[in-house]
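# Chain and residue survey
One-letter residues, chain by chain:
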Amino acid sequence: MKSTLQSLYLLQLLDTELDELRELRGDLPETVNAMEAELKMVEQRIEECDEALKKGAVERSQMEKESLELIAKIDKYKGQQLEVTNNKEYDALTREMETAENTIASHEAEIEQTMQRADELKTSKTEFETRHEELVKELEVKHEELKEILEATNEEEMTLEANREEALKGLLEKDLELYTRIREAKGKAVAPIRRESCSGCYNVVPPQMILEVKKNDRLFICEHCGRILVSEEIAQETSI
Ligand SMILES: [Zn+2]
């Protein structure tokens, strides 16, 4: 049991160090992730603008081509009208010309719309490109900052993590679960008794319990804060 208590306290020391290291990095890794995600999104938007512009241009040139063909047809119908010999044929050509003119008019309206849409798309694209440029510059700085911090902390983190793995070997599943549960709720899960008090919550520990804890043969929980109590002896004997 003593070794379990030592492992628990060691785990606490290692986790505290790891917490401090991670705090040193602050929210920089998350910031960089968020910026990278935004950059991807902006790149996608630029691509979408390009695709929409291309599609609009194709549609527009198709309509222009068709309109030109229709104009040629109308000319041809006009010529044919001069040569027809009866009203029926004449009226039929008039109807053909009207249909062609209507189609040309609707193409013109649509071309006008796609040109407006193209202007809007170009404006959006320029905005996205500006943001893209900003993000690339900002990310360059942030990546450099992050690299420096990671270089400064990675080696230490790896050592701490390795020691943590080692400490875990000395613990049963249920002990680790208890530790994890308290750590999640309280930040620190293990509190050595110092000056007859729980060093986690500073409440006085009853003398009888102090005597029991000192035996290092059972797991005691502080009745005030719920942390695992260990003796001062365990705290003194255990270090990273
Ligand atoms: Zn306590």
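Residues numbered from 1 in each chain as written. Predicted model: local features only at pLDDT ≥ 70, side-chain atom pairs only at ≥ 80, totals over all residues. Heavy atoms only, no water.

## Some words on the overall build of the protein
From N to C terminus, the protein includes six helices and four strands. Shown N-terminal to C-terminal, the secondary structure of the protein runs as helices and strands in the order α-α-α-α-β-β-α-β-β-α. Over its C-alpha trace the protein gives a radius of gyration of 39 Å, far above what one expects of a compact globule, namely 18 Å for 240 residues. Overall, the protein is about 125 × 35 × 30 Å in size when its C-alpha atoms are taken along their principal axes. Looking at the protein as a whole, 31% of its 240 residues qualify as buried. (Helix = DSSP H or I, 4+ residues; strand = E, 2+ residues; numbered from the N terminus. Rg over C-alpha atoms; globule rule 2.2 N^0.38 Å. Buried < 20%, exposed > 50% of the residue type's maximum accessible area, 1.4 Å probe, protein only.)

## Details of the sheet that holds strand S4 (residues 228–230)
Strand order in the open sheet formed by four strands is S2-S1-S4-S3, and the pairing between neighbours is mixed. Only two strands of the sheet have a single partner each, and these edge strands are strand S2 (197–198) and strand S3 (220–221). (Pairing = 2+ DSSP bridges.)

## Focus: the coordination of the zinc ion
Protein coordination at the zinc ion: the donors are Cys198 (SG), Cys201 (SG), Cys222 (SG) and Cys225 (SG), at 2.2 to 2.3 Å from the metal. Bound by four donor atoms, the zinc ion shows angles of 105 to 115° at the metal and therefore tetrahedral coordination geometry. Between the donor residues of the zinc ion, the gaps in sequence give the motif C-x2-C-x20-C-x2-C. A residue pair is termed long-range when its members are at least 10 positions apart, and Cys201 in the loop between S2 and helix H5 (207–214) and Cys222 in the loop between S3 and S4 qualify at 21 residues. (Donors = N, O, S within 2.8 Å, 3.2 Å for Na, K, Ca; no water. Tetrahedral: all angles 85-135°; square planar, octahedral: opposite > 155°, others 65-115°.)

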